[in-house]
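Residue-level listing of the chains:
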Amino acid sequence: LIAPPPPPNLISLSDCSFCRIGMERLGIGIIGTGCIGIEHLRNLLLLPSARIVAAADPYQPSRQSAVQCAASSDMLLLDDYQELLKLDEVDAVIICTPNDHHAEVLEHVMRSGKHCLVEKPLAIHVQDCSKAVAEERKLSQRALFWCAMEYRYIPTIARLIAEADRGTIGTLRTLTIRENRFPFLRKVDNWNRTNARSGGTLVEKCCHFFDLMRRILKSEPRRVFASGGQNVNHLTETDGSASASDILDNAYVIIEFESGARSMLELCMFAEASKHQEEVCLIGTHGKLEAFAPSHGLKRDDATIINFRRGIRNAAFVHGEWDRTEPPPPEDCGELTEEHIPIDPQLLEAGNHAGATFEELQRFTTAALGGGEAEVSLTDGAMAVLMGIAAQRSITSGLPISWADMMEEYHAGMI
Ligand SMILES: NC(=O)c1ccc[n+]([C@@H]2O[C@H](COP(=O)([O-])OP(=O)(O)OC[C@H]3O[C@@H](n4cnc5c(N)ncnc54)[C@H](O)[C@@H]3O)[C@@H](O)[C@H]2O)c1
């Protein structure tokens, strides 16, 4: 322990606007203070509805990062997360440990009765996803379990979701997500270099995009086809014990949905020389929406960059028969609007997700304090992992993967 015990949860009325209206703050414990744990910490320090009570990490440099980041707070630092779970002042925990550790921590958090935000991916095996969802259903004590999916809250992507929900572009038919980015960063113990520890690239990072597909299209997958490989990155690396990296660095994944919509992910992880890190293109019967997300490294918003585009088709083309013999001139094609959706500079500075982490934490704390529902349930988290596993199986086998088969395996694990 390197700090005195924290004061009780209710803070003085003058501390912040949230508390001036007499509301309680959610006492939070962070498990794992590596890259994303620190991003949560920095954003929680900006959030009036939260108070950081404790953080746990067995790795001293990660604990040191937490100390540097939260020097002004009275946070308790521990090396064993089991000790953190015993603290009454901790109302909710955020699990930020490596992917292969989530299932174990989640099991212990469920026994503790605390609320939980678990970082994606929920787990890395089908059976662990089934188990987590089944165990949550059995809980007698009502606690909030939310799987972290920051991409839903990136401002441009949030706008695209809101417009799609409002029906701006009609019935949704195709959704393409392109991620062109830098290779995987170095992590503690290099857990992200192998399929065994990370679940594989399409589980580890692309579960974000599979979650977006289900959320935006509001439908379940039917079939998954994929092709991918490790052709450029980490080819000569070892993890110190001579075992080579085996993770994908590029892939195409096509998913057919029950609704009849189709979606495609294009992933390339040696493409940081790009204007946008993610490009989301959604097309419906009445038009097209495009949302662009900045590189994770961006720390200053540029208002001259177009990051959102809406094209609404000419109504005559939507409702009439298409019998033209010449391409339509641009002025006949419909109404195209482009804009820059701003990102709060303070939030841009506080993390790598364009303010999305703050937004997600705000919603999580509000739901936990007010007895609300998770916007991203453990089932949502599980489905995103299963889509990634299906895509990886398709790459290995060269065959399409039936979602019914994935579901059979998933439900079998719940018994
Ligand atoms: N939602 C997002 O956008 C996003 C972004 C980055 C990472 N993540 C996820 O967050 C998790 C962590 O990723 P990271 O990039 O921070 O990795 P990291 O390696 O930087 O940090 C992981 C930390 O967990 C600690 N840890 C390991 N075992 C522990 C234990 N038993 N108890 C407490 N701490 C323990 C490690 O010491 C390390 O400090 C991963 O699951 C990753 O997929 C999510």
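Residues numbered from 1 in each chain as written. Predicted model: local features only at pLDDT ≥ 70, side-chain atom pairs only at ≥ 80, totals over all residues. Heavy atoms only, no water.

The name recorded for the chain in an unreviewed UniProt entry is Gfo/Idh/MocA-like oxidoreductase N-terminal domain-containing protein, from Calcidiscus leptoporus.

Enquirer: Teacher, can you tell me more about the site of the ligand here?
Expert: The ligand sits among 27 residues. The nearest are Asp57, Ser62, Asn99, Glu150 and Lys187. The contact in question runs from an oxygen atom of the ligand to an N or O atom on the side chain of His102, over 2.9 Å. In this structure, an oxygen atom belonging to the ligand sits 3.1 Å away from a main-chain N or O atom of Val188. (Near = heavy atom within 4 Å. Polar contact = N/O pair within 3.5 Å; in protein donor to acceptor, adjacent residues only side chain to side chain.)

Enquirer: How should I be thinking about the domain arrangement of the chain in this particular structure?
Expert: Often, the extent of an interface is quoted as the loss of accessible area on bringing the components together. With domains assigned, the chain is organised as domain 1 (17–150) and domain 2 (152–352 + 366–372 + 382–397). One C-alpha centre belongs to domain 1, the other to domain 2; they are set 26 Å apart. Between domain 1 and domain 2 lies a buried interface of about 2600 Å² when both sides are counted; carbon and sulfur atoms form 63% of it. Run the count over domain 1 and domain 2 and you get two salt bridges. (Domains from an automatic or database assignment. Buried area = accessible area lost by both parts, 1.4 Å probe. Salt bridge = Lys/Arg side-chain N within 4 Å of Asp/Glu carboxyl O.)

Enquirer: Honestly, the pattern of salt bridges in this entry has me stumped. Any pointers?
Expert: Pairing of side chains with opposite charge becomes possible as their charged atoms draw close. Taken as a whole, this structure holds 29 salt bridges when the rule is applied. Lys120 is the partner of Glu204 in a salt bridge, and the nearest nitrogen-oxygen pair spans 3.4 Å. One end of the pair, Glu204, is in helix H9 (residues 201–204); the other, Lys120, is in the loop between strand S5 (115–119) and helix H6 (126–138), and 84 residues separate them in sequence. Note on Glu204: relative accessible area 8%, which makes it buried. Two residues, Asp380 and Arg152, come together in a salt bridge whose shortest N-O distance is 3.9 Å. In this pair, Asp380 sits in helix H14 (residues 378–397) while Arg152 sits in the loop between strand S6 (145–148) and helix H7 (155–166), placing the two residues 228 residues apart along the sequence. Taking the relative accessible area as the measure of exposure, Asp380 reaches 16% and is therefore buried. Look at Arg152 and you get buried, because its relative accessible area is 9%. (Helix = DSSP H or I, 4+ residues; strand = E, 2+ residues; numbered from the N terminus. Buried < 20%, exposed > 50% of the residue type's maximum accessible area, 1.4 Å probe, protein only.)

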